[in-house]
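The chain contents come next:
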Amino acid sequence: MHVKKYLLKGLHRLQKGPGYTYKELLVWYCDNTNTHGPKRIICEGPKKKAMWFVLTLLFTSLVCWQWGLFIKTYLNWEVSVSLSIGFKTMDFPAVTICNASPFQYSKVQHLLKDLDELMEAVLGRILGPELSQVNDTRALNLSIWHHTPLVFINEQNPHHPVVLDLFEDNFNGSASNSPAPGRPCSAHRCKVAMRLCSHNGTTCTFRNFSSATQAVTEWYTLQATNIFAQVPNQELVAMGYPAERLILACLFGAEPCNYRNFTPIFHPDYGNCYIFNWGMTEKALPSANPGTEFGLKLILDMGQEDYVPFLTSTAGARLMLHEQRSYPFIKEEGIYAMAGMETSIGVLVDKLQRKGEPYSQCTKNGSDVPIQNLYSNYNTTYSIQACIRSCFQEHMIRECGCGHYLYPLPHKRKYCNNQEFPDWAHCYSALRISLAQRETCIYACKESCNDTQYKMTISMAVWPSEASEDWIFHVLSQERDQSSNITLSRKGIVKLNIYFQEFNYRTIEESAANNIVWLLSNLGGQFGFWMGGSVLCLIEFGEIIIDFVWITIIKLVALAKSVRQKRAQARYEGPPPTVAELVEAHTNFGFQPDLATPGPDVGAYPHEQNPPIPGTPPPNYDSLRLQPLDVIESDSEGDAI
């Protein structure tokens, strides 16, 4: 009870001034506010009062509408892009170099022997009867063929296409292990497709190609992936091109270098790759000046004569420029340098700086990305390419039960192969073309907030020239093979010049298009223009809101007290008792006077009648009745009565 009393006193003291009703509060606000419109509503006559009321209401609506637009624009978190040009000495980019062929054929021939024989037989069937007799007596290992065969699709009748297997034993159930020379279909009359089956052949799909060249290349790559996925990584590295055979000469600026200045890394698509200036164990090398003489010069030998014939159809070097400590996704972002050519690459640098949350969905180090970065084992920085490929491998393992050979594996997982996972090719093909999978990975991955891009200007010339070819090849052969004979040829030689075109670098930076200063300026401008108000007017309005809340609380307290009193009165019927009735109700009728001592007036009463009990009767205040306290009054001190 004491708490309620003090609370009520506090409410009254806080409310002392504007009034105790909503009308009094509104009149007080309109009479004292610094906003122009409400004052005119109080001071003017009836007609002008109505006009000013309408104008004030209209302009208030306009201000609220404009405020809503500005707040919505601010919450869109839009950015503006600024371009600035700087000039300074820059770190030379990391340069990754790979051979177009991942392996030396002389070292992987024993693994690909059955597959190559089968490939020759397939080409014989596709090319037609004139070449179908080639190697037709050779025994073929068709266990590879049964998993993912190539088929002819005869579409002479588009409504009823006919599917024909390339080998007769698959077509009519015979046990022949040689290609069938007399089949009534060839590449110029039928399309070549790849049949992908799962669940022991009960569910099959066909992957069509517009050219038989694409079909056999994809088919061979898929079968080679199955083979290499079962070979330990150390053996794969040994079968690739070593650095001392690939890198013949190296010069950075005026300083000589060699293959020992390159960091080896194994790439599933290109075998052994080598990175110059990666910055993993040493400080990044700066470039002293722009120009060819201050860049990196390389002479490479691709060893084209030892290429895997059916696995690699491109000759040359694959190279990529990237930041230090970043993983080179050379298949997606690299370029080719042709054999027998000198390729000059001029470099310009663009630095991208994106705003983080909430302006853009970028990440600083990938820690807030819900995808496990499988490339973190290389101790490289985060990139969106690493995230997307890690996401695909995650989907591959979840859907197919195994990981693809082209991507790193999580702990305690296996690569896909036909022996342990016979349905993996069908599953991989379906996942590869799945739009839902791509959207899921793109939505989950984020761009890096800070990125460096290298823009390249490429020019080429024939190298070496016919006049200098003989002595250059003699010198290079003597340096590498200690041979007086020429062991190199134009088919495998690549010369590279990589340099900064200029030391100007561009910084593309995102900044907030609408900051909090912009928002407050526009909100204040609209409020001042339409209402003639300021921040103090908003404070006054906030004060009125607080007063409104206190008046509401006071009325609720009074209402609660009135309800309690009415509930207490509901126990009695009729009007409340008077004071006289209350006194009479408490009179003790059991009290009897002492009759042994007669008073002076005892004889005046008959014996059968008792004298009245002495006492003063209460006054008859019938007009004084107990009424409920409906209105709470306050004294001059602001206390409740």
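Our subject is the structure listed above.
So, here's what we can say about the structure.

About the thresholds
- Residues numbered from 1 in each chain as written.
- Predicted model: local features only at pLDDT ≥ 70, side-chain atom pairs only at ≥ 80, totals over all residues.
- Heavy atoms only, no water.
- Buried < 20%, exposed > 50% of the residue type's maximum accessible area, 1.4 Å probe, protein only.
- Helix = DSSP H or I, 4+ residues; strand = E, 2+ residues; numbered from the N terminus.
- Pairing = 2+ DSSP bridges.
- Disulfide = S-S within 2.5 Å.
- Axes fitted to C-alpha atoms, helices over the stretch in contact; angles between N-to-C directions.
- Contact = heavy atoms within 4.5 Å.
- Core = buried A, V, L, I, M, F, W, Y, C linked by side-chain atoms within 4.5 Å.

Points about the pairing of strand β10 (residues 271-276)
Then step 1. Most of β10 sits inside the fold, with six of its six residues counted as buried.
Then step 2. Note that strand β9 (residues 262-267) and β10 share six bridges and pair antiparallel. Counterpart to P264 in the pairing with β10 is Y274.
Then step 3. Counting the residues that bridge the hairpin from β9 to β10 gives three residues.

Digging into the state of the cysteines
Then step 1. Overall, the coordinates contain eight disulfides when judged by the stated rule.
Then step 2. For C197, the disulfide goes to C204, at an S-S distance of 2.0 Å. Taking the sign of the S-S torsion, 110° for the link of C197 and C204, the bridge is right-handed.
Then step 3. On the basis of relative accessible area, C204 is assigned to the partly exposed category, the value being 32%.
Then step 4. Between the sulfur atoms of C387 and its disulfide partner C445 the distance amounts to 2.0 Å. Because the sign of the S-S torsion sets the handedness, a value of about -85° for the bond joining C387 and C445 places this disulfide among the left-handed ones. With a gap of 58 residues between them, C387 in helix α12 (residues 384-400) and C445 in the loop between α14 (435-444) and β16 (447-448) connect regions that are remote in the sequence.
Then step 5. Judged by its relative accessible area of 3%, C387 is buried.

Points about the sheet that holds strand β3 (residues 150-154)
Then step 1. Strand order in the open sheet made by the four strands is β4-β3-β5-β6, with antiparallel pairing throughout. Only two strands of the sheet have a single neighbouring strand rather than two, namely β4 (162-165) and β6 (203-208). The average angle at which neighbouring strand axes cross in this sheet is 40°, direction not considered.
Then step 2. Strand direction decides the pairing type here: strand β5 (residues 191-198) and β6, joined by six bridges, are antiparallel. Across the sheet, the residue bridging to L196 is T205, located in β6.
Then step 3. Helix α8 (residues 212-228) rests against β3, β5 and β6 of the sheet, and its axis sits at about 30° to β5.
Then step 4. Most of the contacts of helix α13 (residues 424-432) go to β5, to which it runs at about 110°, and overall it touches β5 and β6.

A short note on the nonpolar core
Then step 1. The biggest cluster of nonpolar side chains holds 64 residues, and the ones touching the most others in it are F103, W145, L150, W219 and W424.
Then step 2. Among the elements that line this core, the one with the most residues is helix α5 (residues 105-127), at nine residues.
Then step 3. In this structure, A100, L246, V349 and I498 belong to the second largest nonpolar core, which totals 35 residues.

Some thoughts on the environment of D423
Then step 1. Take D423: it is sitting in the loop between α12 and α13.
Then step 2. Accessibility expressed as a relative area gives 31% for D423, which makes it partly exposed.
Then step 3. Taking the C-alpha atoms as reference points, D423 and H147, 276 residues apart in sequence, are found 8.3 Å from one another.
Then step 4. For D423, the residues in contact, after removing those within four places along its chain, are C197, S198, H199 and N200.

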